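Observations on the model geometry
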Amino acid sequence: FPLNLTADCNAVLKALQPIFQEQGMTETVHNWEDHGYLATYIKKNGSFANLRIHPHGLVLVDLQSYNDHTKGREEVDQLLNKVEERMKELFHGNIKRVKRLPAILRGGVIDRYWPTADGRLVEYDIDEVVYDEDSPFQNIKILHSKQFGNILILSGDVNLAESDLAYTQAIMGSGKEDYTGKEVLILGGGDGGILYEIVKLKPKMVTMVALNIDQMVIDGCKKYMRKTCGDVLDNLKGECYQVLIEDCIPVLKRYAKEGRMFDYVINDLTAVPISTSPEEDSTWEFLRLILDLSMKVLKQDGKYFTQ
């Protein structure tokens, strides 16, 4: 509850105390002269609530309980509804807003919460662990979501779901590029999605340097992400493509030295790339190195695509 005025800590505490006492919860109160009150309410079944009252005008209620049944969740909702009603009575329209967050389920058999590369937390409707292996380089998970299908997660970073065709199409140029008879270099792309879509467009040759020598990513995807990769990962070579199980940095340096050039370079490396090369000491230096080397193997009228 962010308020439009300073909070009378003692008044808030006295107004909300009866709600928790009705639940048979014992109370412990801590107060600080300049930092408000912290009240903890504990129930015999192990459930507890923290009431934090900040003098500048912020009241927080956190409730934790062990409830895996509908009745338990209803009891929590009823308690929070009473808290909200009492707060509105106490402050008479001086509450800026009321924000209630859904319960976070901890310790589940299947982890449904995954952070994004930019520090946000996403909750997925995951109902099955399809694949979970540790390679020498990273942890590889493929989880099933009711909404998105199978999802590839590398060392905690959500990479791609079977429903993410729009991502693949976007990084290829959103259908505006003509790949017919072209030389294409894919950096990363171990899920096989970009390779599968480009092969359909009749290129001259597609070379994929797959996720920095991690064969286990390819093995997992070709078995459990076939809606994404089709059959292109079943073999490392096809009529118009090849998959190199090598680190992309030495490959790029070799191609630059040989003068090999590409019409398209598509950088689909992970958000925080892994590498066996010493250049990885700084993430930004690594990304700059990839960009510089990519420019050296790109034709003058070529195109470079990335996330």
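Predicted model, so just to flag it, every value in this text is computed and none were measured. (Residues numbered from 1 in each chain as written. Predicted model: local features only at pLDDT ≥ 70, side-chain atom pairs only at ≥ 80, totals over all residues. Heavy atoms only, no water.)

Secondary structure summary: the protein contains eight helices and 15 strands in total. Relative to the 2.2 N^0.38 estimate, which gives 19 Å for 307 residues, the radius of gyration of the protein is 27 Å and therefore markedly larger than a compact globule would have. Its C-alpha atoms give the protein principal-axis dimensions of roughly 80 × 40 × 35 Å. When burial is assessed residue by residue, the protein has 42% of its 307 residues classed as buried. Look at the contacts in the protein between residues 6 or more apart in sequence, and 55% of them connect residues 24 or more apart. Here the protein has roughly 17,000 Å² of accessible surface; of this, 50% comes from carbon and sulfur atoms. Charged side chains of the protein number 36 positive and 46 negative; the gap between the two group centres comes to 3 Å. (Helix = DSSP H or I, 4+ residues; strand = E, 2+ residues; numbered from the N terminus. Rg over C-alpha atoms; globule rule 2.2 N^0.38 Å. Buried < 20%, exposed > 50% of the residue type's maximum accessible area, 1.4 Å probe, protein only. Contact = heavy atoms within 4.5 Å. Areas by Shrake-Rupley, 256 points an atom, 1.4 Å probe, with all protein chains shown as cover. Lys, Arg positive; Asp, Glu negative; His and termini not counted. Charge placed at Lys NZ, Arg CZ, Asp CG, Glu CD.)

Here we take up the sheet that holds strand β13 (residues 241-244). Read from one edge of the open sheet, five strands run β13-β12-β11-β14-β15, paired in parallel fashion. Here the strands that pair on one side only, and so sit at the sheet edges, are β13 and β15 (298-306). Each neighbouring strand pair of the sheet contributes to a mean axis angle of 15 degrees, computed without reference to strand direction. In the packing of helix α8 (residues 283-296) onto the sheet, contacts are made with β11 (183-188), β14 (262-268) and β15, and the angle to β15 comes to roughly 145 degrees. (Pairing = 2+ DSSP bridges. Axes fitted to C-alpha atoms, helices over the stretch in contact; angles between N-to-C directions.)

Here we come to the pattern of salt bridges. Counted according to the given criterion, the structure contains 15 salt bridges. The salt bridge partner of lysine 303 is glutamate 177, with a shortest N-O separation of 2.9 Å. Here lysine 303, found in strand β15, pairs with glutamate 177, found in the loop between α3 (165-171) and β11; they are 126 residues apart in sequence, far enough to count as distant. (Salt bridge = Lys/Arg side-chain N within 4 Å of Asp/Glu carboxyl O.)

With that settled, consider the domain arrangement of the protein. How big an interface is tends to be reported as the loss of accessible area on association of its parts. Domain annotation for the protein reports domain 1 (9-91) and domain 2 (164-306). Of note, the centres of domain 1 and domain 2, computed from C-alpha atoms alone, are 54 Å apart. (Domains from an automatic or database assignment.)

Overall, antiparallel pairing links the four strands, which are arranged β7-β8-β9-β10 in an open sheet. At either end of the open sheet lies a strand with only one pairing partner, and these are β7 (126-134) and β10 (157-161). Strand-to-strand, the axes of this sheet are offset by a mean angle of 25 degrees, without reference to chain direction. In terms of strand pairing, strand β9 (residues 149-154) meets β10 through four bridges, oriented antiparallel.

Attention now goes to helix α7 (residues 248-258). Regarding α7, the residues found buried are Cys248, Ile249, Val251, Leu252 and Tyr255. Summarising the axial view, the buried residues of α7 lie within an arc of 165 degrees, below the 170-degree limit, and thus occupy one face. When the buried face of α7 is taken as reference, the exposed residues oriented beyond 90 degrees from it are Lys257 and Glu258. Those residues of α7 hidden inside the fold are in contact with β11, β12 (205-209), β13, β14 and α8. At the N-terminal boundary of α7, the capping side chain belongs to aspartate 247, with an oxygen 3.0 Å from the backbone nitrogen of isoleucine 249. A positive backbone phi angle near 80 degrees is found at glycine 259, which sits one or two residues after α7. (Arc of directions from axis to C-beta. Polar contact = N/O pair within 3.5 Å; in protein donor to acceptor, adjacent residues only side chain to side chain.)

Counting 28 residues, the largest nonpolar core has Leu152, Tyr179, Val184, Ile186, Leu195, Ile198 and Ile266 as its most contacted members. Among the nonpolar cores identified, the runner-up in size contains 24 residues, and Tyr37, Tyr41, Leu79 and Leu80 belong to it. (Core = buried A, V, L, I, M, F, W, Y, C linked by side-chain atoms within 4.5 Å.)

It is at 9 Å that the axes of α7 and α8 come closest, and there the two elements cross at 30 degrees. When the axis of α7 is compared with that of α8, the two are roughly parallel. Considering only the axes of α7 and α8, their crossing is left-handed. Here Cys248, Ile249, Leu252, Lys253 and Ala256 of α7 lie close against α8, whose contacting residues are Phe286, Leu289, Ile290, Leu293, Ser294 and Lys296. The residue makeup of the contact of α7 with α8, split by class, is eight nonpolar, one polar and two charged. (Parallel < 35°, antiparallel > 145°, perpendicular 65-115°, else oblique. Left-handed = near helix turned anticlockwise from the far one by under 90°. Nonpolar A, V, L, I, M, F, W, Y, C, P; charged D, E, K, R; others polar.)

Between the first and last C-alpha of α8 there are 20 Å, a value that for 14 residues agrees with the 20 Å anticipated at 1.5 Å per step. When α8 is considered as a whole, its buried residues turn out to be Phe286, Leu289, Ile290, Leu293 and Ser294. The buried side chains of α8 occupy one side of the element, clustering within an arc of 130 degrees when seen end-on. Here the buried face of α8 lies against β11, α7, β14 and β15. (Expected span 1.5 Å × (residues − 1).)

Let's shift gears to the packing of aromatic side chains. Counted by the stated rule, this structure contains six aromatic pairs. Summarising the aromatic geometry, the rings of tyrosine 131 and tyrosine 224 are spaced 5.7 Å apart at their centres and angled 45 degrees between planes, so their arrangement reads as tilted. One end of the pair, tyrosine 131, is in strand β7; the other, tyrosine 224, is in helix α5 (residues 215-224), with 93 residues separating them in the sequence. When the ring of tyrosine 255 is compared with that of phenylalanine 262, the centres are 5.6 Å apart and the planes differ by 45 degrees; the resulting orientation is tilted. (Phe/Tyr/Trp six-rings, centres within 6.5 Å; stacked < 30°, edge-to-face > 60°.)

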